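Below, each chain spelled out in residue letters.
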There are 2 protein chains.
Amino acid sequence: MIPSDHPRYRSLVARERLARYAAEGIVSLEGLSAHGRGEAFDYLLGEKTTESALFAEKIASALLLCAKSPVISVNGNTAALAADLIKDLQEKSRARVEVNLFHRTGERMEKITRLLNDHGVRVETGNAERLLPLSHDRAFCLRSGIFAADVILVPLEDGDRCQALRGMGKTVITIDLNPLSRTARSASLTIVDELTRALPNITSFCSILGRQEAELLSITVPGNRFLADAREQMKQVLSHALD
Amino acid sequence: MIPSDHPRYRSLVARERLARYAAEGIVSLEGLSAHGRGEAFDYLLGEKTTESALFAEKIASALLLCAKSPVISVNGNTAALAADLIKDLQEKSRARVEVNLFHRTGERMEKITRLLNDHGVRVETGNAERLLPLSHDRAFCLRSGIFAADVILVPLEDGDRCQALRGMGKTVITIDLNPLSRTARSASLTIVDELTRALPNITSFCSILGRQEAELLSITVPGNRFLADAREQMKQVLSHALD
């Protein structure tokens, strides 16, 4: 057990949880190193939601609320870290939830779907088809889910798939701690924040935002500003963290 | 197979190799996320050896050459990524090599020792004793190895152990991509560079450096300068990477 007063409690619990889910086959080994990369960038962000990221989260909820067919795309790391938070967001945003894996096997799809179901998430099921212009298994998605969606929230997405979805004319919202990544740069809206901090904020805004404000916010996405803000914040931490 | 002309070839090969060694029980699951953190910082470093880091590597070899009893402390990630490079460095520096693990089990100690032996590394063996002022199994080391050493090269060390070794009056050289980490800040000399780039450089300097120059360099370690240089380089990458 990690003592709850440990200064690195939150980070250590997340790491331990991912290692446990990796042993169960829910998180891929590559997912563990991806998480480590996120931890490093979060460290440089000061491990807190910046004012800029909070505004991005507000716009994200506006986009979800105003969407015709919103979908949340969930991978192994997201399911392991945030199944309960996805359930809350699904309730408030009325989005469909689809499991979509980089390292896709039938067994992992099942395990992750079961984990989400156990936390009260309603997961889209059906026959996945090769509907995205990508090589390999990353082309798979559901016709009624991601393929039909106009707005997709894809936390921790890979760069190729993000670009492919954008190329299909979809609004892609991503949560990515690396403001330099291809995903961060190609999404319609990038939230540079840690997953389990970002999701509850988006959910809260879904309850608070009125229709008019949501419509206004959803047409004024200030794209790159959030990336520039995050880079600036990281430079500040590098300059002053230890002074 | 990862194509050798892939722009991320080096990084992808390292990641794949670590995942494979994790499946074999040589690399710990925590070691995978630690590697991910390193990857993120290396990305911000531009994934190259800076002039400043190269100078730190020169000083490291001077410290090893002038030591009475130099030891290289090897963990799972280091063995997985650089067994052959450790062999070369051992040859040129005449340092002892001791396996020292954060997640220590008899089985992992054996597997890692065998991996190193297979690559021609001569590994110190014997009865490890609780000789370091640390709780848990991290206190273990060999009386003839780390305990007796005056200079220790510990790539990818944890912060507590680094501080404990310093407290025992030892000169600790670490290779750590995170210039903000406790290890980086508490070592006698921190090389902010990627392991498989740093080790061959240290080995080369061991061949090149004359006795007089080595002695001069070994008494003029400019401690924190290397950390400040690395932080500055990362700020530059954050400012200009995408411009």
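Analysis parameters
Residues numbered from 1 in each chain as written. Chains lettered and ligands numbered in written order. Predicted model: local features only at pLDDT ≥ 70, side-chain atom pairs only at ≥ 80, totals over all residues. Heavy atoms only, no water. Helix = DSSP H or I, 4+ residues; strand = E, 2+ residues; numbered from the N terminus. Rg over C-alpha atoms; globule rule 2.2 N^0.38 Å. Buried < 20%, exposed > 50% of the residue type's maximum accessible area, 1.4 Å probe, protein only. Contact = heavy atoms within 4.5 Å. Core = buried A, V, L, I, M, F, W, Y, C linked by side-chain atoms within 4.5 Å. Pairing = 2+ DSSP bridges. Axes fitted to C-alpha atoms, helices over the stretch in contact; angles between N-to-C directions. Buried area = accessible area lost by both parts, 1.4 Å probe. Salt bridge = Lys/Arg side-chain N within 4 Å of Asp/Glu carboxyl O. Polar contact = N/O pair within 3.5 Å; in protein donor to acceptor, adjacent residues only side chain to side chain. Nonpolar A, V, L, I, M, F, W, Y, C, P; charged D, E, K, R; others polar. pLDDT = per-residue confidence, 0-100. Least-squares fit on C-alpha atoms with pLDDT ≥ 70 in both. Parallel < 35°, antiparallel > 145°, perpendicular 65-115°, else oblique.

A word on the overall build of chain A
Then step 1. Helices and strands together make up the secondary structure of chain A, namely 10 helices and seven strands.
Then step 2. A compact globule built from 243 residues should have a C-alpha radius of gyration of about 18 Å, and chain A, at 17 Å, falls within 12% of that.
Then step 3. The dimensions of chain A, computed from C-alpha atoms along their principal axes, are 55 × 45 × 35 Å.
Then step 4. Buried positions account for 56% of the 243 residues belonging to chain A.
Then step 5. By sequence separation, contacts in chain A at least 24 residues apart represent 67% of the contacts at least 6 residues apart.

Digging into the nonpolar core
Then step 1. In this structure, L116, I173 and L199 of chain A together with L116, I173 and L199 of chain B are the most contacted members of the largest nonpolar core, which totals 100 residues.
Then step 2. With 26 residues, the next largest nonpolar core counts V192 and M234 of chain A together with F41 and L45 of chain B among its residues.

Topic: the sheet that holds strand β5 (residues 151–155) of chain B
Residue and element names in this part refer to chain B.
Then step 1. Read across the open sheet, the five strands follow the order β2-β1-β5-β6-β7; overall the sheet is parallel. The open sheet is flanked by β2 (96–99) and β7 (189–191), the only strands paired with a single partner. The mean angle between the axes of side-by-side strands here comes to 20 degrees, regardless of whether they run parallel or antiparallel.
Then step 2. Pairing between β5 and strand β6 (residues 171–175): five bridges, direction parallel. Counted as the bridge partner of I152 is V172 from β6.
Then step 3. Against the sheet, helix α3 (residues 51–66) engages β1 (70–74), β5, β6 and β7, with an angle of about 130 degrees to β7.

Concerning the interface of chain B and chain A
Then step 1. Between chain B and chain A, the residue contacts involve 29 residues of the former and 29 residues of the latter.
Then step 2. Buried surface at the junction of chain B and chain A, summed over both partners, amounts to about 2600 Å²; 71% is from carbon and sulfur atoms.
Then step 3. Linking chain B with chain A are two salt bridges.
Then step 4. Here E39 of chain A ties to R37 of chain B by a salt bridge, and the two come within 2.6 Å at their closest N and O atoms.
Then step 5. Linking chain B with chain A are 10 residue pairs in polar contact (both at pLDDT 80 or more).
Then step 6. Counting residues per element, the side of chain B that touches chain A draws most heavily on helix α2 (residues 29–44) of chain B, which supplies 11 residues.
Then step 7. Looking at the side of chain B that touches chain A residue by residue, the classes come out as 16 nonpolar, five polar and eight charged.

Topic: the confidence of the model for chain A
Then step 1. Here chain A averages 91 in pLDDT, while 96% of its residues score no lower than 70.
Then step 2. The ipTM value of the predicted complex is 0.86, and its pTM value is 0.90.

A word on the relation of the copies chain B and chain A
Then step 1. After a rotation of 180 degrees and a shift along the axis of 0.0 Å, chain B superposes on chain A with an RMSD of 0.0 Å. Look at the turn and shift together and you get a two-fold axis relating the two.
Then step 2. Of the residues that chain B buries at the interface, 100% are likewise interface residues in chain A, meaning the two copies contact each other through the same surface.

Brief notes about the sheet that holds strand β7 (residues 189–191) of chain A
Residue and element names in this part refer to chain A.
Then step 1. Here five strands make up an open sheet; going across it, the order is β2-β1-β5-β6-β7 and the pairing parallel. A single partner strand is all that each edge strand has here, and the edge strands are β2 (96–99) and β7. Taking the axes of each pair of neighbouring strands and ignoring which way they run, one obtains an average angle of 20 degrees across the sheet.
Then step 2. Pairing analysis gives three bridges linking strand β6 (residues 171–175) to β7, with the strands arranged parallel.

Here's the deal with the side chain of T113 of chain B
Residues and elements named next belong to chain B.
Then step 1. Mapped onto the elements, T113 comes out in helix α5 (residues 106–118).
Then step 2. On the basis of relative accessible area, T113 is assigned to the buried category, the value being 16%.
Then step 3. Within the structure, the side chain of T113 is placed 2.7 Å from the backbone oxygen of M109, a separation counted as a polar contact.

Some details on the packing of helix α1 (residues 9–23) of chain A against helix α2 (residues 29–44) of chain A
Residues and elements named next belong to chain A.
Then step 1. In contact at an axis separation of 10 Å, α1 and α2 are set at 170 degrees when each is read in the N-to-C sense. By the angle class used here, α1 and α2 are roughly antiparallel. Contacts between α1 and α2 pair S11, A14, R15, L18, A19 and A22 from the former with L32, H35 and E39 from the latter.
Then step 2. The residue makeup of the contact of α1 with α2, split by class, is five nonpolar, two polar and two charged.

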